[in-house]
Structures are given as structure tokens and as C-alpha cells.
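Okay, here's what each chain looks like letter by letter:
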Amino acid sequence: MKIDWEEFMDRQLNVTMNENYGVVYGTKKEDEPAFFEIVFKTGKLIKVFEEGLLLEAVREGQLYKTFIPHASIKSVDIF
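As the structure is a prediction and not an experimental result, all values here were calculated from the model. (Residues numbered from 1 in each chain as written. Predicted model: local features only at pLDDT ≥ 70, side-chain atom pairs only at ≥ 80, totals over all residues. Heavy atoms only, no water.)

**Q** Please clarify how the sheet that holds strand β1 (residues 12–17) should be interpreted in this entry.
**A** The strand order across the open sheet built from 5 strands is β6-β5-β4-β1-β7, with neighbouring strands paired in antiparallel fashion. The sheet terminates laterally at β6 (62–69) and β7 (73–78), the two strands that pair on one side only. Between one strand and the next, the sheet's axes are offset by a mean angle of 40°, whatever the strand orientation. As paired strands, β1 and strand β4 (residues 40–48) are joined by 5 bridges and run antiparallel to one another. Counterpart to L13 in the pairing with β4 is G43. (Pairing = 2+ DSSP bridges. Helix = DSSP H or I, 4+ residues; strand = E, 2+ residues; numbered from the N terminus. Axes fitted to C-alpha atoms, helices over the stretch in contact; angles between N-to-C directions.)

**Q** Even after reading the chapter, I still don't get the packing of aromatic side chains, so can you show me in this structure?
**A** Aromatic ring pairs: the centre-centre distance and the angle between the two ring planes describe each pair. Considering all chains together, one arrives at 2 aromatic pairs under this definition. Between the aromatic rings of W5 and F8, the centroid separation amounts to 6.3 Å while the plane-to-plane angle is 65°, which identifies the pairing as edge-to-face. Accessibility assignment for this pair places W5 and F8 in one class, buried. On the numbers, 5.9 Å between centres and 65° between planes, the contact of F49 with F67 is edge-to-face. Of the two residues, F49 is situated in the loop between β4 and β5 (52–59) and F67 in strand β6; the sequence distance between them amounts to 18 residues. R59 extends its terminal NZ or CZ atom over the ring of Y64, reaching a point 4.2 Å from the ring centre. (Phe/Tyr/Trp six-rings, centres within 6.5 Å; stacked < 30°, edge-to-face > 60°. Buried < 20%, exposed > 50% of the residue type's maximum accessible area, 1.4 Å probe, protein only. Lys NZ or Arg CZ within 6 Å of the ring centre and 35° of its normal.)

This is how it looks when you write it as C-alpha cells:
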């Protein structure tokens, strides 16, 4: 089944990835790791391609655009 992503343009997406694509380092706390694997991306859907989705998000006052290939998507929450 294929999804018509155009239906969700300008909506907020939380994408859970099939694979990890990085880590965020933090402070080690009791029973918590010092780093966390990044397995999701969040942003507004701004463009749909045959190969994947382009999300836009603001982080720390800076605008980011992220391309996510369809094959990397495990699940998506749409807001």
C-alpha cells in the first residue's frame, strides 16, 4: 500500500527510523546511558519526492531541512 504524502503537507510528522543515524551525548545518570541513539526525526512536511520526504524544523534558533528516504521510515505520527 502506498501513502499519498501530499495529503499531509505542512503537517507535523514524527518519523521513527528503521536504523539509528547518530547519537546525542548527555550527562550519565543512575540507570541511564551517557548517550542516546537517535532513532526519530520531527518536522513539518514541506516536500514529497518519489524517493522520500523533506521535513523542516527549527532547533536552537536555526532552520534545518532533513531528507528521509522512504526505505528508512519505520513508522510516522502525523499531527
